[in-house]
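The chain contents come next:
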Amino acid sequence: MKASATHIARDAHNSSILQLLARMGFAVNGLLHILIGFIAITVAFGAGAGSADQSGALAQLASSPGGVFVLWTVVVGMSALGLWLVVSVFVMQGDPKRKWSRRLANIAKAIVYFALGATALTFARGGSASSASSTQSASSSLLASPGGAIVLFLAGIAVLGVAGYFIYKGAAQKFRSDLTVPSGTAGRTVVALGVVGYIAKGVALGVVAILVGVAALTRDASKSTGLDGALKALAALPYGTIALILIGFGLLAYGVYCFVRARRARL
C-alpha cells in the first residue's frame with residue numbers, strides 16, 4: 001500500500017501538466033510581489049492608499065481591466081504550486097533527518113500557497129478580503145483565550161525564524177539550488193535579484209514578527225497587522241521612508257526572480 005501511494009505521488013510529481021501549473025504558480029507569485037513592491041514604494045512617497053500585502057495586490061488586479069482572468073490564473077497557479085509541494089513531500093530523497101525538515105517546510109509553504117489561492121478566489125468571485133484585518137482578528141481570538149498571549153508570542157518567534165531564513169538564503173545564495181542559473185551576465189543578474197529579493201522579504205517578515213511579538217507582550221491585537229501594517233509602521237520611523245523604498249525595490253527584485261524561477265526551476 002505504501003509503495004503504491006509513493007508510486008502514485010511520484011507519477012503526479014513528474015506530471016508535465018502539474019509541473020507546468022506549478023511553474024505558473026511561481027510566475028503569479030512573482031506578479032503579486034511586484035505589485036506589493038509598487039504599493040510599498042507609493043506608500044513611502046505618500047501616494048499610496050492600498051494595502052501593501054497580498055490582499056492589496058489582489059485588489060489591484062480585481063480593479064484592473066481583464067483582472068478577473070488574471071485572478072483566476074492566480075487561483076489555479078497557487079493551488080497547483082501548493083499541490084506540487086504536498087506531492088513532493090512523498091517523493092523526497094536524501095538524508096532522513098534533512099528529509100523531515102524539508103517536508104515540514106514544504107507543507108508550511110503549501111499551506112501559504114493554498115491560502116493565497118483561496119484569497120484570490122474570493123476576489124475572483126467578486127468579493128474582497130483584508131490580510132491585515134484577518135491577522136488582527138486571529139490575534140484577538142488568541143489573546144482572548146487562556147495562554148493565547150504565549151502562543152501569539154511563539155508565533156512571532158516562528159515568523160522571525162522564517163525571516164532569518166530568508167535573509168540567510170539570500171545572503172548565502174542558497175536559492176541557487178532551486179533553479180538552473182544561466183551563465184554569464186544573465187546568471188549574475190539572476191543571482192543579484194535573488195540576493196536582494198530574499199533579503200528584502202526577510203527584513204519585511206522580520207518587522208511583521210516584531211509587531212506580532214509586541215501585540216503578544218502588550219496584549220493589544222491592533223499591533224498585529226500583517227505585512228501591510230509592518231511596512232506602514234516602518235515608514236513612520238526615522239529614515240523609515242528610505243527603508244520602505246529599499247524594501248519595495250527588493251520585493252520588485254524578488255518578483256522578477258520568481259518569474260525567472262518559473263522558467264528555470266528545478267522540478
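This one's a predicted model, so the numbers in the text were calculated from it and none came from an experiment. (Residues numbered from 1 in each chain as written. Predicted model: local features only at pLDDT ≥ 70, side-chain atom pairs only at ≥ 80, totals over all residues. Heavy atoms only, no water.)

*Asks:* When you look at the overall build of the chain in this model, what are you seeing that I'm missing?
*Replies:* If you tally the helices and strands in the chain, you get 10 helices and 0 strands. Relative to the 2.2 N^0.38 estimate, which gives 18 Å for 267 residues, the radius of gyration of the chain is 19 Å and therefore close to what a compact globule would have. Referenced to the eigenvectors of the C-alpha coordinate spread, the extents of the chain come out at roughly 50 × 50 × 40 Å. Buried positions account for 44% of the 267 residues belonging to the chain. In the chain, the proportion of contacts linking residues at least 24 apart, taken out of those at least 6 apart, comes to 74%. (Helix = DSSP H or I, 4+ residues; strand = E, 2+ residues; numbered from the N terminus. Rg over C-alpha atoms; globule rule 2.2 N^0.38 Å. Buried < 20%, exposed > 50% of the residue type's maximum accessible area, 1.4 Å probe, protein only. Contact = heavy atoms within 4.5 Å.)

*Asks:* What exactly am I supposed to notice about the packing of aromatic side chains here?
*Replies:* Centre-to-centre distance and the angle between the planes together describe a pair of aromatic rings. As enumerated under the stated definition, the model contains 6 aromatic pairs in all. Between Phe-175 and Tyr-198 the ring centres are 5.5 Å apart and the planes differ by 10 degrees, which places this aromatic pair in the stacked class. Of this pair, Phe-175 sits in the loop between α7 (148-171) and α8 (184-218) while Tyr-198 is found in helix α8, placing the two residues 23 residues apart along the sequence. Taken individually, Phe-175 and Tyr-198 each receive the classification buried, so the pair is uniform in this respect. On the basis of an interplanar angle of 90 degrees and a centroid distance of 5.2 Å, the ring pair of Tyr-198 and Tyr-254 is categorised as edge-to-face. Remark: Tyr-254 occurs in helix α10 (residues 240-264) and Tyr-198 occurs in helix α8; sequence separation between them is 56 residues. (Phe/Tyr/Trp six-rings, centres within 6.5 Å; stacked < 30°, edge-to-face > 60°.)

*Asks:* Where do I start with the environment of Gly-248 in this structure?
*Replies:* In this fold, Gly-248 is placed in helix α10. In this structure the C-alpha to C-alpha distance between Gly-248 and Leu-237, which are 11 residues apart in sequence, comes to 16 Å. Residues in contact with Gly-248, not counting those within four places in the same chain, are Gly-37, Ala-40 and Ile-41.

*Asks:* What exactly am I supposed to notice about unusual backbone geometry here?
*Replies:* Glycine aside, a negative phi is what most residues show, and trans is what most peptide bonds show. Positioned with a positive phi, Gln-173 is a non-glycine residue whose angle comes to about 60 degrees. Position of Gln-173 among the secondary structure elements: in the loop between α7 and α8. Given a relative accessible area of 30%, Gln-173 falls into the partly exposed group. In this structure, Tyr-239 takes a positive phi of about 60 degrees despite not being glycine. Take Tyr-239: it is sitting in the loop between α9 (226-235) and α10. Judged by its relative accessible area of 70%, Tyr-239 is exposed.

*Asks:* Any chance you could explain the packing of α8 against α9 here in plain terms?
*Replies:* Angle between the axes and distance between the axes: these two values describe a pair of packed helices. Taken N-terminus to C-terminus, the directions of α8 and α9 make an angle of 95 degrees; their axes are 9 Å apart at the nearest point. Considered as vectors, α8 and α9 are oriented roughly perpendicular to each other. Between α8 and α9, the residues in contact are Ala-204, Val-207, Val-208 and Leu-211 and Gly-226, Leu-227, Gly-229, Ala-230, Leu-231 and Ala-233, respectively. (Axes fitted to C-alpha atoms, helices over the stretch in contact; angles between N-to-C directions. Parallel < 35°, antiparallel > 145°, perpendicular 65-115°, else oblique.)

*Asks:* How should the environment of Phe-259 be read in this particular structure?
*Replies:* Tracing the sequence through the fold places Phe-259 in helix α10. A relative accessible area of 38% places Phe-259 in the partly exposed class. Separated by 76 residues in the primary sequence, Phe-259 and Ser-183 have C-alpha atoms spaced 17 Å apart. Beyond its immediate chain neighbours, meaning those up to four positions away, Phe-259 contacts Ala-27, Gly-30, Leu-31 and Ile-34.

*Asks:* Can you walk me through the side chain of Asn-106 in this structure?
*Replies:* Within the fold, Asn-106 resides in helix α5 (residues 96-124). A polar side-chain atom of Asn-106 sits 2.9 Å from a polar atom in the side chain of Ser-88. (Polar contact = N/O pair within 3.5 Å; in protein donor to acceptor, adjacent residues only side chain to side chain.)

*Asks:* I tried to follow the confidence of the model for the chain on my own but got confused; where do I start?
*Replies:* Segments scoring low in pLDDT should not have their predicted coordinates read at a detailed level. Of all residues in the chain, 91% attain a pLDDT of 70 or more, and the chain-wide mean is 84. Helix α1 (residues 2-13) is the least confidently modelled element of the chain, averaging 59 in pLDDT, while α10 averages 92, the highest of any element. (pLDDT = per-residue confidence, 0-100.)

*Asks:* I'm lost on the nonpolar core in this one. Help?
*Replies:* Nonpolar side chains in soluble globular proteins tend to end up buried together. In terms of nonpolar packing, the biggest core is built from 51 residues, with Leu-32, Leu-58, Leu-61, Val-74, Met-78 and Leu-231 touching the most fellow members. Every element with two or more residues in this core is listed here: α2 (16-44), α3 (54-63), α4 (67-89), α5, α7, α8, α9 and α10. The leading source of residues in this core is α2, at 12 residues. Counting 12 residues, the second largest nonpolar core, distinct from the first, contains Phe-166, Phe-175, Val-191 and Tyr-254. (Core = buried A, V, L, I, M, F, W, Y, C linked by side-chain atoms within 4.5 Å.)

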